[in-house]
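# Notes for the structure review
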Amino acid sequence: MQLTREGDYGIRSVLYLARQPYKKISFVTEISEQYKIPRSFLAKILQKLVKAKIVRSYRGVKGGFSLARQAKDISVLDVLEAIEGRMAMNLCLSDKKKCDFSRNCPVHSVWASVQSKVIEVLKKSNFEELSRQKT
């Protein structure tokens, strides 16, 4: 299992905004240059974050981006699910109908346990705490 670049960039973007809580980021370029993210790719990521109400978008000359809620109320899980969709370690955990073995699978409980622990850690990790950490 590996995080996609899109998920990673989404986390980095929210972290960037969390480190500047009272500042509206004027241009996608500012985040793009900081983290070496292609601007067009970042714009698509920010659109997903706006749709999920994690980031707020402002139009016009004084437009830009800011967090839509306090950093302490945004978890890493929130961002990942906004970008990547609902987290599932295996297909059987997201849709049992797509797995012929889900009823009698001895590994199902392993996947469920791993997923539960990963979700717990991601849910506890909020951007206020992350923004305080030194880079």
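So, here is what we can say about the structure in this document.

### Concerning helix α6 (residues 108-124)
- Under the 1.5 Å per step criterion, the end-to-end length of α6 is 24 Å for 17 residues, consistent within 8% with the ideal 24 Å.
- Taken together, the buried positions of α6 are H108, Q115, I119 and L122. Summarising the axial view, the buried residues of α6 lie within an arc of 65 degrees, below the 170-degree limit, and thus occupy one face. Of the exposed residues in α6, those oriented more than 90 degrees away from the buried face are K117, V121 and K124.

### Structural notes on the pattern of salt bridges
- For the structure on display, the rule yields 6 salt bridges.
- Where D8 meets R12, a salt bridge forms, and the shortest distance between an N and an O atom there is 3.0 Å. Pair noted here: D8 and R12 are both in helix α1 (residues 5-18), with a separation of 4 residues, about one helical turn.
- According to the relative accessible area criterion, D8 is partly exposed, its value standing at 24%.
- Here R132 and E128 are joined by a salt bridge, their closest N and O atoms 3.7 Å apart.

### Section: the packing of α1 against helix α2 (residues 28-35)
- Where α1 meets α2, the axes come as close as 11 Å, and the angle between the chain directions of the two elements is 115 degrees. If you check the angle between α1 and α2, you find them roughly perpendicular. The chirality of how α1 crosses α2 is right-handed. Here R12, S13, Y16 and L17 of α1 lie close against α2, whose contacting residues are E30, I31, Q34 and Y35.
- When grouped by side-chain class, the residues that make up the contact of α1 with α2 number 4 nonpolar, 2 polar and 2 charged.

### A few points about the layout of surface pockets
- For the second largest pocket, the calculated volume is near 190 Å³.
- Listed by contribution, the elements that provide at least two residues to the lining of the second largest pocket are α1, β2 (64-67) and α7 (127-132).
- Element by element, the count of residues in the lining of the second largest pocket is highest for α7, at 3 residues.
- Grouping the amino acids of the lining of the second largest pocket by side-chain chemistry returns 6 nonpolar, 4 polar and 5 charged.

### Observations concerning the packing of aromatic side chains
- Within the structure shown, the criterion is met by 2 aromatic pairs.
- Their ring planes at 80 degrees and their centres at 6.1 Å tell us that Y16 and Y35 sit as a pair that is edge-to-face. Residue Y16 is located in helix α1, and its partner Y35 is located in helix α2; the two are separated by 19 residues in the primary sequence.
- Owing to a relative accessible area of 10%, Y16 belongs among the buried residues under this scheme.

Conventions and cut-offs
Residues numbered from 1 in each chain as written. Predicted model: local features only at pLDDT ≥ 70, side-chain atom pairs only at ≥ 80, totals over all residues. Heavy atoms only, no water. Helix = DSSP H or I, 4+ residues; strand = E, 2+ residues; numbered from the N terminus. Expected span 1.5 Å × (residues − 1). Buried < 20%, exposed > 50% of the residue type's maximum accessible area, 1.4 Å probe, protein only. Arc of directions from axis to C-beta. Salt bridge = Lys/Arg side-chain N within 4 Å of Asp/Glu carboxyl O. Axes fitted to C-alpha atoms, helices over the stretch in contact; angles between N-to-C directions. Parallel < 35°, antiparallel > 145°, perpendicular 65-115°, else oblique. Left-handed = near helix turned anticlockwise from the far one by under 90°. Contact = heavy atoms within 4.5 Å. Nonpolar A, V, L, I, M, F, W, Y, C, P; charged D, E, K, R; others polar. 1 Å grid on protein atoms, 1.4 Å probe; cavity = no way out; pocket = protein on both sides within 12 Å on 5 of 7 lines; lining within 4 Å. Points joined across faces, edges and corners; volume = space filled by probe spheres on them. Phe/Tyr/Trp six-rings, centres within 6.5 Å; stacked < 30°, edge-to-face > 60°.

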